[in-house]
Amino acid sequence: MKKNLAVLMSGILLMLLSVSAVLALTPEESLKRDFPSVPFDAVTPSNIPGLYEVTSGQQIFYYAPSADSIVGGPIVTKDGRNLTEEKFQVLEQKRLAAIAGKLKDIPLDKALKIGSGKNTVIEITDPDCSFCRRAAQFFQGRTDVTKYVFFAPLAMSKNAEPKVRYILCAKDRAKAYSDVMAGKLDDMKFQVCNDAAVEDLAKVHQETAIVLGVTGRPLFFINGQPVIGANIPAIEKLLGAGR
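Remember, predicted model here, so these are calculated numbers, not experimental data.

Caption draft 1: Fine view of the overall build of the chain. A tally of helices and strands in the chain yields eight helices and nine strands. The 243 residues of the chain split such that 36% are buried. Restricting to contacts in the chain with at least 6 residues of sequence separation, those with at least 24 account for 67%. Of the roughly 14300 Å² that the chain leaves accessible, carbon and sulfur atoms contribute 57%.

Caption draft 2: Looking closely at the sheet that holds strand 2 (residues 52-56). Strand order in this open sheet of four strands is 1-2-3-4, and the pairing throughout is antiparallel. This sheet does not close on itself; its edge strands, each paired only once, are strand 1 (42-45) and strand 4 (69-71). Each strand axis lies, on average, 35° off the axis of its neighbour in the sheet, ignoring direction. Looking at chain direction, strand 2 and strand 3 (residues 59-64) are connected through five bridges and run antiparallel. Residue pairing in the sheet places Tyr 52 in a bridge with Tyr 63 of strand 3. Running over the sheet, helix 2 (residues 27-34) touches strand 1, strand 2, strand 3 and strand 4 and is turned about 95° from strand 3.

Caption draft 3: Spotlight on the pairing of strand 3. For strand 3, the buried fraction is high: five of the six residues fall into the buried class. Alignment of strand 3 against strand 4, held across three bridges, turns out to be antiparallel. Paired with Tyr 62 across the two strands is Val 71, which belongs to strand 4. In sequence, strand 3 turns back onto strand 4 through a hairpin of four residues, with Asp 68 there showing a positive phi of about 50°.

Rules used throughout
Residues numbered from 1 in each chain as written. Predicted model: local features only at pLDDT ≥ 70, side-chain atom pairs only at ≥ 80, totals over all residues. Heavy atoms only, no water. Helix = DSSP H or I, 4+ residues; strand = E, 2+ residues; numbered from the N terminus. Buried < 20%, exposed > 50% of the residue type's maximum accessible area, 1.4 Å probe, protein only. Contact = heavy atoms within 4.5 Å. Areas by Shrake-Rupley, 256 points an atom, 1.4 Å probe, with all protein chains shown as cover. Pairing = 2+ DSSP bridges. Axes fitted to C-alpha atoms, helices over the stretch in contact; angles between N-to-C directions.

This is how it looks when you write it as structure tokens:
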């Protein structure tokens, strides 16, 4: 009797172990279970045992299945390497490469064209963005650039949309752009034409930024090479390389 009971218990234990093995969750499955509303693209082991790196778009965070917890903030090694920032830069370069691959499909004929220089510059900008304005001042008066400007104001820029329409309505759009980016119309004392064609053109500009997947402003492509923000040294270097 005791022998039969021992055999039965062993069988039950083996069955439970088998079920446990079947029910064992991968880190991805565990993350979905614990945080069903958190979207993610990939879950990979970090350099810390038991902690997994999670990428969600351009965001990076960490997940500890054993603690059912998400951990934010960078991982920095004792020699000063910011592993989180390094991974972010990899993701950012992939994102920009994907955007650059779409440039051939954007409607340059719908952009505001300024200049006729040998360097091709595609600009995604917001008239109320201080960094956009700083970059615009750098390009002002350069003769070595052909610039194609697309206006894609951020949602927080409440006065940017009227300025975009003002520029696109103007007979001399390049001058209107220069005035707006120099802050000369910040008092909002100007008239905007009521033109359906201009409204449609403004939508094309905004949709171009959406199609490209642009998130920040300004974004430049200097002869096909991306530059994020008003990074003047990087812009100058790429313009110099085009000589």
